[in-house]
Each structure stands twice: as structure tokens, then as C-alpha cells.
Amino acid sequence: MSKLLHFLKIEAIRNFSKVFMGSMAAQGISLLLAPVLSRLFGPGEFGLAGLYLSIAGMLSVLSTGKYEQAIMLPRRDEDAVSLFWLVLHISLAVSILTAIVVIPFHGHLAVWANNEDLGPWLLLLPLSLILHGMYQASVFFANRKKQFGLMGRGTLVQYGALNAFRILSGWLRAPFNGLIAGHIAAQLTAAAYLIRGIRRTLRGIGGVPSRKSMWEQAVKYAQYPGFNMVLSFTNTLSGSLPVLLFTWGFSAEIAGLYAFGYAFVFRPLSLFSQSASQVLSQKIIEDYHQGKKIYEPLKKLARRFFIGGLPAFAMLAALAPALFGFVFSDDYTRAGVFLQILSPYLLMVFVASPLSFVPELYFRQKKAMVIDLVYLFLRFAALYAGIKAGSLILALALFSGVSTLVVSYNLFWYLSLARKHA
């Protein structure tokens, strides 16, 4: 730990703790309640929720143009506010376009996805997209203003609302999918909480910016929709492929088991990576602009994440099926088997994801996009080969193998970029 303190300032560690502890507390509650949820909802309901969230996740990337990531960059707060409002305007426009498509065709889209229960929920996609834009813009603006406590509390509010609504709807045997409804309720609650938290700061900087100001920032940071949005879309599609293809190639129940097991591990893993990246990127970007070398700190971080994560993921590989069968029920033992196969990939995600901002720092988004397109093709080919062979285990093994290789290459590339510019 003393070595870590040597290259990270105490303030950065405290800021990380504010965001990370909020995320971990939220995930701790979710993990504790997972056995309850597994008894309130069946694999098919998890499959439907996973399908909806996969579609919403892909469209959410388009709904902001990824301009929320640029909010951290301008020197002037007035320009950051222009980007904040630009994200909200883009979200509204994409939501309207989505409504035009899903309102008349939601039934046909559900049949095409091989799950007719999806149809009515597609009508709520426009609302999800607006709320996503509000939440993302608020998180990045709070990060810029170093309101890390607000960010941590926002995560707690989001997951508190999510779990409360899901458990209540399941306990009452609501005549709708409480997993999806809980997600939308959580989006609404968290977005409202964060906007309330940054409202005074926004007002202090200025009112709603002019269209000219928003357009100027849109042009200045055009690489974000040009590269980052495409990169994020392909990455989100890549992560959603198992749910989409398992629903199509096997069944909603298989997709639900995968979604349940994957979310059990990947959601806290993703929140950790996001929290680490948000705070560490803010500190490392500052050091980079001050002319400091960042290769050694990044290398040490990667090493510590690997050493710290290896025992946990080794235990996951060894004990996941027995753990899932005992904690949840025999119906979910197969979800543990899925995680056994995915454990090498999940370990590499744990190590590499906090460093994923590095290509943006050196304006290498184009190469990152190319890598992600190759990644998407390889993952699709792996899953499709397994499905055509009629083997779920083969599909997962091929998927895990190519994913581990590509994420490992990304980690090597991130460190190579920092070393090259040291």
C-alpha cells in the first residue's frame, strides 16, 4: 500500500473512496438480495429483462453521442455546461426517433427477437433513453466539479430504488416484469437526484447556453460521436451478444441464466472499474497536462489489480456452480457453470477496464474502434459457431477464449501508449 500512496495523492485516494464505497455499498445490497430475487423471478423473466436491457444499452450509447465524456475536458466551465446541455438535446432527439420506430413496430420487433413478451416494453425505450442522457451528463459534470460524494450517493440511490421496486413488484406478484420496471424506476430516481445535486453549480456558471455555443462544442469534440460513440456501441453490442444470440439460438431461459450469473459478477466489477476510471482518469489527466510521466503509475496499478483480483477469480472458477446451487437454487446452478467458463475473461476485464481512458488521452480512438470491431466479429463468430453446433458450452468457451485474448491485448496496448509517450 505504501508504494501505491507514493504515486497517488491522498486526495485522489479519498475521492476514489467516496465513489468506490458508494458503488460497493450499492452492489453489496444487490448481492445480498440476489437470492431473494432468484426466488421471486424465474430464468425466463431474467431473460426478458436481459433482452430489454441489452437493446436499451445499445441505443443509450447513441442517445448521447458520447459527448458526456467530453464534459471533463474544457478549460472553461461555460464550455462544459454547453456540453451538458448538448447531451440532453441529443438524448431528446434520439428518444423521439426511437418512438417513431417502436410505436408502430414494437410487436414485429419482439417476434423478430424471438420473445413476444418484449413488445410492450419496447414502448418505454424512449423514456429510458432520455433518463440515461440526464444521468450520464450529470455524473460527468459532477466528476468535473469533484463532487465525488454526490456521485457515490447517486449510485446508492439508484440501486436502492432498483432493488426496492424489484422486490416489491415480485412480492406482490405484479402482472408485469418487475425487473424491467425496477430498472426504469431506478433511472428516474437517480437522474432526478443527481440533477438536483448539480443544479446550484449549473446555475452559478450560467443559464441554458445558446445553440451557437452548443454547436461550437459539438464541432470541437466531434471525435466523440465519430469514434467514441462507435467504439462504445460496438463494445455494448459485443457485451450484449450472448443474451441476444442465446435468446435467438436457444431460449429465453438460457439467456436468463446467463444474464443472471453474468450480472451477479459483472455488475459489481463494472461499477468498480467505472469508479476507478472516473477518479484515476481525473488525476492522471491532470498529471499528463502538467507534463508528468504516467507510465509507471499505470503499470503499478495494473499489477496491483491483477494480484488483487487473481485469488477472487480463481475461487469463482472453482466454486461458482456449487455456490449458485446453494445460495439460489438448483435452477441457477448452470449460471455458475457459465461463470466458471467466463472467469479468465472477467479477471482481465477487472485489470484492464480502469485503464480504458488511455487511448482518449493520446487521441487514439480510431485504433481503439478498429480493435473493438475485430473484437465484435470474433465474439459473434465464437457464439454463432457454438449455436450452430448445438452446444451451449462450446459457445461459451469460444466466447471466453477470444474475449480474454482481446482484453489482454488492450491492456498491453494501453501500457505501450503510456510508455511510448513517457
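Here the structure is shown first, and the text comes after it.
Reading the values: rules and limits
- Residues numbered from 1 in each chain as written.
- Predicted model: local features only at pLDDT ≥ 70, side-chain atom pairs only at ≥ 80, totals over all residues.
- Heavy atoms only, no water.
- Helix = DSSP H or I, 4+ residues; strand = E, 2+ residues; numbered from the N terminus.
- Rg over C-alpha atoms; globule rule 2.2 N^0.38 Å.
- Buried < 20%, exposed > 50% of the residue type's maximum accessible area, 1.4 Å probe, protein only.
- Contact = heavy atoms within 4.5 Å.
- Phe/Tyr/Trp six-rings, centres within 6.5 Å; stacked < 30°, edge-to-face > 60°.
- Axes fitted to C-alpha atoms, helices over the stretch in contact; angles between N-to-C directions.
- Parallel < 35°, antiparallel > 145°, perpendicular 65-115°, else oblique.
- Patch = residues over 30% accessible without salt bridge, like charges linked within 9 Å, V, L, I, M, F, W, Y side chains within 5 Å.
- Areas by Shrake-Rupley, 256 points an atom, 1.4 Å probe, with all protein chains shown as cover.
- Salt bridge = Lys/Arg side-chain N within 4 Å of Asp/Glu carboxyl O.

### Comments concerning the overall build of the chain
- When you go through the chain residue by residue, the secondary structure sums to 16 helices and zero strands.
- Taking 22 Å as the expected radius of gyration for a compact globule of 422 residues, we find that the chain reaches 21 Å, a close match to that expectation.
- The dimensions of the chain, computed from C-alpha atoms along their principal axes, are 55 × 50 × 35 Å.
- By residue count, 54% of the 422 residues in the chain fall in the buried class.
- For the chain, restricting intrachain contacts to residue pairs at least 6 apart in sequence, the fraction spanning at least 24 positions comes to 84%.

### Some points on the packing of aromatic side chains
- Taken as a whole and judged by the stated rule, the model has 20 aromatic pairs.
- Plain terms: the ring middles of Phe-305 and Phe-350 are 5.7 Å apart, the flat faces sit at 75° to each other, and that makes the pair edge-to-face. In this pair, Phe-305 sits in helix α12 (residues 295–327) while Phe-350 sits in helix α13 (residues 333–352), placing the two residues 45 residues apart along the sequence.
- Taking the relative accessible area as the measure of exposure, Phe-305 reaches 12% and is therefore buried.
- Relative to Phe-350, the ring of Phe-313 has its centre 5.9 Å away and its plane inclined at 55°; by these criteria the two rings are tilted. In this pair, Phe-313 sits in helix α12 while Phe-350 sits in helix α13, placing the two residues 37 residues apart along the sequence. The same class applies to Phe-313 as to Phe-350, namely buried.

### A few points about the packing of helix α10 (residues 223–249) against helix α16 (residues 392–420)
- The contact between α10 and α16 brings their axes to 12 Å, and the two run at 175°. Taken as axis vectors, α10 and α16 run roughly antiparallel relative to one another. Contacts between α10 and α16 involve Ser-238, Pro-242 and Phe-246 from the former and Leu-392, Ala-395, Leu-396 and Phe-399 from the latter.

### Brief notes about a nonpolar patch on the surface
- On the surface, a nonpolar cluster with roughly 660 Å² of combined accessible area is contributed by Leu-92, Ile-96, Leu-97, Ile-100, Val-101, Phe-105 and Leu-109.
- Tracing the chain through its elements places Leu-92 in helix α4 (residues 77–112).

### What about unusual backbone geometry?
- Positive phi outside glycine occurs at Asn-114, with the angle close to 70°.
- As for its position among the elements, Asn-114 is in the loop between α4 and α5 (119–122).
- A positive phi angle, near 55°, is found at Arg-173, a position not held by glycine.
- Of note, Arg-173 is situated in the loop between α7 (148–171) and α8 (178–205).
- Given the relative accessible area of 58%, Arg-173 is considered exposed.

### Side note on the pattern of salt bridges
- Applying the stated criterion across every chain yields a total of six salt bridges.
- When the shortest N-O distance is used, the salt bridge between Lys-66 and Glu-68 registers 3.1 Å. Across the pair, Glu-68 and Lys-66 agree in class, each one buried.
- For the salt bridge of Glu-296 with Lys-299, the shortest nitrogen-to-oxygen distance reads 3.5 Å. Placement of the pair is Glu-296 and Lys-299 together in helix α12, with a separation of three residues, close to one helical turn.
- Under the relative-accessibility criterion, Lys-299 is labelled partly exposed at 26%.

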